[in-house]
Every structure is written in structure tokens, then in C-alpha cells.
Amino acid sequence: MLIVQIANLVHQTSGGLSRTMTELRNEYVALGHQVVVITPSDHFSDRIDESGVREIHVRAAKVPGWGGYRLISRRRQLKKLLTQIVPDVIEIHDQTTLWWLGTFARKIGAQSFVFSHESLSQLLASHLKNSWLANRLADNHHKRIARGTRHFICASQFAARELHRIGVEPIQISLGVDHEQFGSDQEIGNAADQLHTRQHTVALVGRLSPEKNPNVAVEAMRKICQQRDDLQLVVIGDGPMKKNLIKQSVGLPITFLGHVADREYIASVLRMSFCTLNLGDRETFSLSTLESLAAGTPAIVAKSGASREILASGCGVSTSLTPICIAEAIESMLLNDKSVVREMCQTRASQFTWENTAQTLLLNYQVVPPAPIEKVLNNTFEFGQVA
């Protein structure tokens, strides 16, 4: 099977979206399938990586004010590439700007599947400040997508809720985690001297953008530091809020490490922490929460969003997004028996694997009958050939 993954608004600091695409394509290749990945970049390139995945970077402009994200806006270029590639399946990893691909996929005889990486209703509500209007706009947009494909992929009940409103039953999956990497006992190595070295560490791993609410974590630390001086917060991630967050945290025991590419280092920070924070209230899944559990570290998550669906008894708490509530939740985590909690967290995380995720998706790709070709195409394309 030839699977094409397409995403807009993705780069090396994209976190969950980038990680999901990477892990899935690795599993697809391991199971004998061919994969092409199309993403935006500052220049065009077409190469085969060491694992056999064909990576196509399409030249695209940056979107002003979006933290360096790029947007493929030329539909004709994407259509030409897909016509030449002749995929069996197109994974659409952006339901906002690539909504039209479902209709085009049918024209070239490909099945298309739309991944719900964000709650469109919640995204719109955060800008419009009107939930009723946001829901109506989201419903209309999803109906437009559904005219091209009704195959939606959701990793949580929270993500599926807005599709249920328009009568669409999405394919439910769970994402995975690298248990070998996050579950090892390797101690933190390089850059340990950058930390405040206080007795107890709280970790926050994620993009520093408004939907993740990192500013609330800073204010929660301010509340805690009024009562005790043995806690520190370590923040891993980059984003448009970083400068303001650094200013906001002056005088507090908070270390900003920026974007960290070394996954082993991230895993070691999670293992040394007694709890982690994931305060995004629009999450349709939360890889950072799952990675925390795999490392044996309980998580404090927002009451709204999908993160709380990952938690089980003893693996953390969900709370309101106020500094006082978060501070209280952090202090409650200090009462845990670390060895007991570690076992409970890792037992819960063991239920999530990328192998299972990929196999579930491939089963659905194979069950769905091939799309009828609506237009005769003369262009053929040999896998690996440069466009």
C-alpha cells in the first residue's frame, strides 16, 4: 500500500503532530508499506530518507504571527504531485487548510482520511469568544469536508464530540509512546547544571503558545513559592509566548530550555520530575501526558480537553485552569509514594503503543473499498522518482 501523509503548519517544534506522523510512517514502513510525506518548507526538495520514506518539501510562505509555521497555498502544485504519485491512501493531517483534499483524492482513485489533531470548535471559540457561533462554523466546515470524505480519525472522545454533532462517526484510535525510551532508568546527563537544582522538579513539555496555557503554570509557581522554596519548574519547548513567559517568571525558580531535539534528554527530565503539567484545554490527545506516564511520572492536566482521558487512578489529576487550583494539585502530588505511582503510571502507559495505532489504521484503510476514479489520468509515477 502506498500511503501519503500531508500536513500544513508543521515544523520541528510542532510537537504532537510531527511526532505522530513520524511514528506512524516508521510503523508503516516496518510493516512493508510505502510512504510519502509532503510538508511545507522554505525550499522545494524531494529525497528518500534512510528508512525508505520519500520526503517532499514544498516551498511555502511563512504565516505572519504564527511562530514560523508555513502554509502550502498552491493547490495546483499539490494536485500535480498527488496525480504523479498515485497513492492508495492520503492521510490529511490538517482539517483546516487542506479540507479540499478529500474531494480531489476521489478524482485520482485514492481513499482519504482526515486526522482531527485539533478541536475546531474550541479553536474558533478561543478567537470568537462565542461558543454557539464557533460550534456552528465548525459544523459547517466539517460538513464541507464530509462531502469529500467521511473518514475522520479521532484519538479521543473529546475530539469525536464535534463530529457527532453532524452525524459523523469517526474512526477511534489511540496514539502510542516509545516505552523503551521513556521507561528506561537513565539519569539526566548533559545540561543538568542549567537547572535550579531544587529538591523537587515539575516539568512542562510543549509548545509555548496560548492554547497550551503555559502562563498559568508560571503563576501557579508564583503561588507555590510564597509557601515553600524547594520546588522548581523546568520548561521544554519553544513558541511565540517564550519571551513574555521569561519576563513573567523573573525571580521564580523556572528554567526555560527551549526546543530540545534530544528525546533521551526529555525522557530523563520527565523521570527526574515528581509531576508534569499539561494545561492545554483544547487537546484532542496529549502525547506529552502519555510520555510522562511512560516515564513513571504523574501528570496534572486541564479538566477540559482529551488529556484527562489518558489518566487512570493514581496517574495524576485534572484541574481547573487557575493558579491556585494548579498549585494545590502540584502540592498534592508531593504526597505520593513515588515507587507506587511510577508503577501505576507505566502500567497505564503500556496500553498505548504505536504498533497498535498503525495496525488499527491499516485495518481501516484495507476495509474501506478503493475510491472510484472520477477522471482518467495519463500520468504515472514510479516510486522514488523526483518530480
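Conventions we followed
Note that residues are indexed from 1 along each chain, following the sequence as it is written. The predicted origin of the model limits local features to residues at a pLDDT of at least 70 and limits the giving and counting of side-chain atom pairs to 80 or more, whereas totals for whole chains, interfaces and linings rest on all residues. The side-chain numbers reported here are obtained from all heavy atoms of the structure, hydrogens and water having been left aside. Only strands that DSSP links by at least two bridges are regarded as paired with each other. Starting at the N terminus, helices and strands are each numbered in turn, a helix being any DSSP run of H or I of at least four residues and a strand any DSSP run of E of at least two. Structural elements are reduced to axes, namely lines fitted to C-alpha atoms, with helices fitted over the stretch in contact, and the angle between N-to-C directions of any two is expressed from 0 to 180 degrees. Any two residues having at least one pair of non-hydrogen atoms within 4.5 Å are treated as being in contact. Among buried residues, the Ala, Val, Leu, Ile, Met, Phe, Trp, Tyr and Cys ones that are joined through side-chain atoms within 4.5 Å form a nonpolar core. For each residue, the accessible area found with a 1.4 Å probe, counting protein chains only, is set against the maximum for its type, and the residue is called buried under 20%, exposed over 50%, and partly exposed in between. Note on terminology: pairs of cysteine sulfur atoms within 2.5 Å are recorded as disulfides.

Student: Sorry, what's going on with the sheet that holds strand S11 (residues 200-205) here?
Tutor: For sheets, the rule is that strands pair by backbone hydrogen bonds, running either parallel or antiparallel. Strand order in this open sheet of 6 strands is S13-S12-S11-S14-S15-S16, and the pairing throughout is parallel. Strands with a single pairing partner mark the edges of an open sheet, and in this sheet they are strand S13 (254-258) and strand S16 (316-319). Averaged over all pairs of adjacent strands, the angle between their axes in this sheet comes to 20°, without regard to strand direction. Examined bridge by bridge, strand S14 (residues 275-278) and strand S15 (residues 299-302) share 3 bridges and lie parallel to one another. Looking at the pairing, Thr-276 lines up with Ala-299 of S15. Sheet contacts for helix H10 (residues 263-272): S11, strand S12 (231-236), S13 and S14; angle to S11, the most-contacted strand, approximately 135°. Packed onto the sheet, helix H13 (residues 323-333) meets S11, S12, S14, S15 and S16 and runs at close to 170° relative to S16.

Student: Is there a simple way to explain the nonpolar core in this structure?
Tutor: Tyr-28, Phe-285, Leu-361 and Tyr-365 are the most contacted members of the largest nonpolar core, which totals 50 residues. Setting aside chain neighbours within four positions, we find Tyr-28 in contact with Ile-3, Gln-5, His-33, Val-35, Glu-91, Ala-358, Leu-361, Leu-362 and Tyr-365.

Student: Got a minute to help me understand the state of the cysteines in this structure?
Tutor: Cysteine pairs can be covalently joined through their sulfur atoms, and such a bond is termed a disulfide. A full pass over the atoms with the stated rule returns 0 disulfides. You can see Cys-345 has no disulfide; the closest cysteine sulfur is in Cys-315, sitting 4.3 Å from it.

Student: Explanation requested: unusual backbone geometry in the structure shown.
Tutor: Working note: non-glycine residues mostly have negative phi, and peptide bonds are mostly trans. In this structure, Val-86 is a non-glycine residue whose phi angle is positive, near 55°. Tracing the sequence through the fold places Val-86 in the loop between helix H2 (75-85) and strand S7 (89-92). A positive phi angle, near 60°, is found at Lys-129, a position not held by glycine. Tracing the sequence through the fold places Lys-129 in the loop between helix H4 (120-128) and helix H5 (131-146). Since its relative accessible area comes to 70%, Lys-129 is described here as exposed.

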